[in-house]
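Fold and geometry: a report
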2 protein chains.
Amino acid sequence: MRKSKQRDAILQVLQGTDSHPTAEWIFSRVRREIPNISLGTVYRNLNQLADGHLIQRIFDDGHLRFDANLHRHDHFRCIHCQRILDLEVELVGLDEAISDDDRFNATGYSLEVTGVCNECQHETEEI
Amino acid sequence: MRKSKQRDAILQVLQGTDSHPTAEWIFSRVRREIPNISLGTVYRNLNQLADGHLIQRIFDDGHLRFDANLHRHDHFRCIHCQRILDLEVELVGLDEAISDDDRFNATGYSLEVTGVCNECQHETEEI
DNA sequence: TGATTAATAGGAATCATTACTACTTAAACT
DNA sequence: AGTTTAAGTAGTAATGATTCCTATTAATCA
Ligand SMILES: [Mn+2]
Ligand SMILES: [Mn+2]
Ligand SMILES: [Zn+2]
Ligand SMILES: [Zn+2]
């Protein structure tokens, strides 16, 4: 993997946020630095970075989002605004339960908690 | 919601499998009964059934799948063949951890375990 | 510095899903 | 039972996120 200013910029943008953005959002940010970068380049590099374990992909309700936080952690997703928050929960006994199941060989897991974030909760109350 | 033979057939197909199928798979099955049903009808009805809580939607790696099992349960997904298996794991302490977090009001959660299913494991060994 | 070839920009293609519309039919009302 | 109504359907067009294609640019290295 050669270096390219496009990939560097994409990685920097992602590392500079905790918002779990879409490719489109990253595209709009990177454009400030590299105005003629193309959306295809953003997708290609995000996939390369994910394949090279420099970032991770997360699937939120059918849409692709990205996360530069490589530690194993989980997420909360607001069903109103789709905002994603990091979650640190300890899943007691899960590793054991998984390895006891002889139908498969597990390599990972992800937990998604859903609900309403505080911002959306307040909006609803105001109406 | 009026009754329609199309919706009845779709629900029956889904209730008759534990494979967590896609709309396309359900379409091909229902076609045996109703040869001129359209794919749009399958999607529309699956969405209605899900909105009416008669089935549930599950998101597997960016694709939409459906499940007639309404009990809260989790899933294993094979990263090779995309097969989905039902999982019954008890997430000890999760409810508490979630309600202690004051950034949101959680209403649900889902756990996806990933790995290689036995069938795919054997295939790999044979090569 | 020149050769090699990965990476890019821009645009076309893909594919799952949704939207549109004229026709059909369930079911509520006489 | 016949009439009215609006929900449901088939068929097809549209959408939108993502991937693919190709001529051109640029990183790397002898
Ligand atoms: Mn995260
Ligand atoms: Mn299931
Ligand atoms: Zn929210
Ligand atoms: Zn498998």
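Residues numbered from 1 in each chain as written. Chains lettered and ligands numbered in written order. Predicted model: local features only at pLDDT ≥ 70, side-chain atom pairs only at ≥ 80, totals over all residues. Heavy atoms only, no water.

Let's talk about the interface of chain B and chain A
- With 33 residues of chain B in contact, the opposing surface of chain A contributes 33 residues.
- Across the interface of chain B and chain A, roughly 2500 Å² is buried in total on both sides, 58% from carbon and sulfur atoms.
- Counting every contact that joins chain B to chain A gives zero salt bridges.
- The interface formed by chain B and chain A holds 14 residue pairs in polar contact (both at pLDDT 80 or more) in total.
- For the side of chain B that touches chain A, the element with the highest residue contribution is strand β5 (residues 104-117) of chain B, accounting for 14 residues.
- Taken together, the residues that form the side of chain B that touches chain A break down as 17 nonpolar, nine polar and seven charged.
- Examined bridge by bridge, strand β5 (residues 104-117) of chain A and β5 of chain B share 13 bridges and lie antiparallel to one another. Within β5 of chain B, the position partnered with C117 of chain A by the bridge is F104 of chain B. (Contact = heavy atoms within 4.5 Å. Buried area = accessible area lost by both parts, 1.4 Å probe. Salt bridge = Lys/Arg side-chain N within 4 Å of Asp/Glu carboxyl O. Polar contact = N/O pair within 3.5 Å; in protein donor to acceptor, adjacent residues only side chain to side chain. Helix = DSSP H or I, 4+ residues; strand = E, 2+ residues; numbered from the N terminus. Nonpolar A, V, L, I, M, F, W, Y, C, P; charged D, E, K, R; others polar. Pairing = 2+ DSSP bridges.)

A look at helix α3 (residues 39-51) of chain B
Residues and elements named next belong to chain B.
- For α3, with 13 residues, the first-to-last C-alpha span of 18 Å sits near the 18 Å given by 1.5 Å per residue.
- Taken residue by residue, α3 has T41, V42, N45, L46, L49 and A50 as its buried positions. Angularly, the buried residues of α3 cover 160° about the axis, an arc narrow enough to put them on a single face.
- Just downstream of α3 lies H53, where phi reads positive at about 60°. (Expected span 1.5 Å × (residues − 1). Buried < 20%, exposed > 50% of the residue type's maximum accessible area, 1.4 Å probe, protein only. Arc of directions from axis to C-beta.)

With respect to the coordination of the zinc ion (ligand 3)
Residue and element names in this part refer to chain A.
- Protein coordination of the zinc ion (ligand 3) is provided by C78 (SG), C81 (SG), C117 (SG) and C120 (SG), with donor distances spanning 2.3 to 2.4 Å.
- What the four donor atoms of the zinc ion (ligand 3) show is an angle range of 107 to 113° at the metal, which sorts the shape as tetrahedral.
- Considered as a linear motif, the donors of the zinc ion (ligand 3) on their single chain read C-x2-C-x35-C-x2-C. With C78 in strand β3 (residues 74-78) and C120 in helix α5 (residues 118-126), this residue pair connects regions lying 42 residues apart in the sequence.
- The class of C120 is buried, set by a relative accessible area of 7%. (Donors = N, O, S within 2.8 Å, 3.2 Å for Na, K, Ca; no water. Tetrahedral: all angles 85-135°; square planar, octahedral: opposite > 155°, others 65-115°.)

Observations concerning the domain arrangement of chain A
Residue and element names in this part refer to chain A.
- In terms of domain boundaries, chain A breaks down into domain 1 (5-67) and domain 2 (74-126).
- A straight line from the C-alpha centre of domain 1 to that of domain 2 covers 22 Å.
- Taken together, the contacts link eight residues of domain 1 with seven residues of domain 2.
- Among the residues of domain 1 in contact with domain 2, H20, D60 and D61 are the three that bury the most area, contributing 58% of the side total.
- The tally of links between domain 1 and domain 2 comes to zero salt bridges.
- Counting every contact that joins domain 1 to domain 2 gives four residue pairs in polar contact (both at pLDDT 80 or more).
- If you list the elements that add at least two residues to the side of domain 1 that touches domain 2, you get β1 (56-60) and β2 (63-67).
- Among the elements that make up the side of domain 1 that touches domain 2, the one with the highest residue count is β1 (three residues). (Domains from an automatic or database assignment.)

Digging into the relation of the copies chain B and chain A
- Mapping chain B onto chain A calls for a rotation angle of 180° and an axial translation of 0.0 Å; the resulting RMSD is 0.1 Å. Considering both components of the superposition, the chain copies are consistent with a two-fold axis.
- When the interface residues of chain B are mapped onto chain A, 100% of them are again interface residues, pointing to one common binding face. (Least-squares fit on C-alpha atoms with pLDDT ≥ 70 in both.)

Some points on the sheet that holds strand β4 (residues 84-87) of chain A
- One open sheet holds the six strands; their spatial order is β4(A)-β3(A)-β5(A)-β5(B)-β3(B)-β4(B), and the pairing between them is mixed. Among the strands making up the open sheet, the edge pair consists of β4 of chain A together with β4 (84-87) of chain B. Taking each pair of neighbouring strands and ignoring which way they run, the sheet shows an average axis angle of 30°.
- In this structure, β3 of chain A lies alongside β5 of chain A, joined through four bridges in parallel fashion. (Axes fitted to C-alpha atoms, helices over the stretch in contact; angles between N-to-C directions.)

Examining the protein's contact with DNA strand D
- In the vicinity of DNA strand D there are 19 residues, among which Y43 and L64 of chain A together with S4, T41 and R44 of chain B approach most closely.
- Among the atoms of DNA strand D close to the protein, meaning within 4 Å, 71% are from sugar or phosphate groups.
- Within the backbone of K3 of chain A, an N or O atom sits 3.4 Å from a phosphate oxygen of DNA strand D.
- S4 of chain B places a side-chain nitrogen or oxygen 2.6 Å from a phosphate oxygen of DNA strand D. (Near = heavy atom within 4 Å.)

Brief notes about the coordination of the manganese ion (ligand 2)
Residue and element names in this part refer to chain B.
- Protein coordination of the manganese ion (ligand 2) is provided by H20 (NE2), D67 (OD), H73 (NE2), H75 (NE2) and D86 (OD), with donor distances spanning 2.0 to 2.3 Å.
- Coordination of the manganese ion (ligand 2) draws on donor residues from a single chain, spaced H-x46-D-x5-H-x1-H-x10-D in sequence. Placement of the pair is H73 in the loop between β2 (63-67) and β3 (74-78) and D86 in strand β4, with a sequence separation of 13 residues.

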